[in-house]
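Observations on chain architecture
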Amino acid sequence: MQKLFKKSLQKKISLYFILLILLIINTVGWLFYFRSERYFDEELGKKLTGVARSAATLIDADLLEYIQPGSESGQFYASIRSRLTTLKRAFDVQRIYIVDLSRYLIVDSDSSGVIGTTIPHLQSNLLELNAAKGGTTAYSTLYRGYDGNLYKSAFAPIFNTHKKVSAIACVDASPAFLKVI
């Protein structure tokens, strides 16, 4: 009887020990997962802000004021759009566009962009846009677009000759860019 009790106690202790080990492994696995997810998110954000900074340096802010609704067929607009499109293809991002400080579209790598319109998802990135208005680059958290894919955006200020922010370069990461996540 005592032998049977001892065997039963050994089984219970072994079972508790195994459960404790599984709990520890599971906890460490989740901690590693969340930490690496945050790391990838930060790295993608840094890469996107680099693309946004590149777009900002391609643009002469003082000349942007000459782009008005209806200028989409003009040579100057086509030149800027071509630069943004080249950058978009080089970094495999979804879209690169320039907005004024009131968040109205000035130039867009997407041919469907119309000067003077608003970009709907910018409303959810007001903190990042305000950072760009203040002169620093910023990136958004991952978000799901209308198509169900993950996206991420970055914003960089465009300075005029007086060193004041006059527009914001915006980059939206494509699902291809976010394959790592």
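Residues numbered from 1 in each chain as written. Predicted model: local features only at pLDDT ≥ 70, side-chain atom pairs only at ≥ 80, totals over all residues. Heavy atoms only, no water.

It is worth spelling out a nonpolar patch on the surface at this point. There is a patch of nonpolar side chains on the surface, built from Leu 15, Tyr 16, Phe 17, Ile 18, Leu 19, Leu 20, Ile 21, Leu 22, Leu 23, Ile 24, Ile 25 and Val 28 and spanning about 1,200 Å² of accessible area. Within the secondary structure, Ile 18 sits in helix H1 (residues 2–58). (Patch = residues over 30% accessible without salt bridge, like charges linked within 9 Å, V, L, I, M, F, W, Y side chains within 5 Å. Areas by Shrake-Rupley, 256 points an atom, 1.4 Å probe, with all protein chains shown as cover. Salt bridge = Lys/Arg side-chain N within 4 Å of Asp/Glu carboxyl O. Helix = DSSP H or I, 4+ residues; strand = E, 2+ residues; numbered from the N terminus.)

Moving on, we get to the side chain of His 121. Along the polypeptide, His 121 turns up in the loop between strand E2 (105–108) and helix H4 (126–133). A polar side-chain atom of His 121 sits 3.2 Å from a polar atom in the side chain of Tyr 97. Leaving out residues up to four positions away in the same chain, His 121 has contacts with Tyr 97, Tyr 143, Ser 153 and Asp 172. (Polar contact = N/O pair within 3.5 Å; in protein donor to acceptor, adjacent residues only side chain to side chain. Contact = heavy atoms within 4.5 Å.)

A separate point is the sheet that holds E2. Taken in spatial order, the five strands make up an open sheet running E2-E1-E7-E6-E3, and their pairing is antiparallel. Lying at the two open borders of the sheet, with one neighbouring strand each, are E2 and strand E3 (138–139). Packing against the sheet, helix H3 (residues 75–91) makes contact with strand E1 (95–100) and E2, and its axis sits at approximately 60° to E2. (Pairing = 2+ DSSP bridges. Axes fitted to C-alpha atoms, helices over the stretch in contact; angles between N-to-C directions.)

A few words now on the nonpolar core. Within the largest apolar cluster, 26 residues are counted, with the highest numbers of intra-cluster contacts made by Leu 64, Ile 67, Leu 84, Ile 96, Ile 98, Val 107 and Ile 158. The set of elements that each furnish at least two residues to this core consists of H1, helix H2 (61–64), H3, E1, E2, strand E6 (153–159) and strand E7 (165–172). At five residues, the largest contribution of residues to this core is made by H1. In contact with Val 107, not counting residues within four places along its chain, are Leu 64, Ile 67, Tyr 77, Ile 80, Arg 81, Leu 84, Tyr 97 and Ile 98. (Core = buried A, V, L, I, M, F, W, Y, C linked by side-chain atoms within 4.5 Å. Buried < 20%, exposed > 50% of the residue type's maximum accessible area, 1.4 Å probe, protein only.)

Attention shifts here to the confidence of the model for the chain. Averaged over every residue, the pLDDT of the chain is 84; the share at 70 or more is 92%. Ranking the elements of the chain by mean pLDDT puts strand E4 (residues 143–144) last, at 79, and E6 first, at 95. (pLDDT = per-residue confidence, 0-100.)

Moving on: the pattern of salt bridges. Counted under the stated rule, the structure contains two salt bridges. A salt bridge links Lys 46 to Glu 43, with the shortest nitrogen-to-oxygen separation between them at 3.7 Å. Here Lys 46 and its partner Glu 43 are both found in helix H1, three residues apart, which amounts to about one turn of the helix. With its nearest N and O atoms 2.4 Å apart, the salt bridge here joins Asp 108 to Arg 95.

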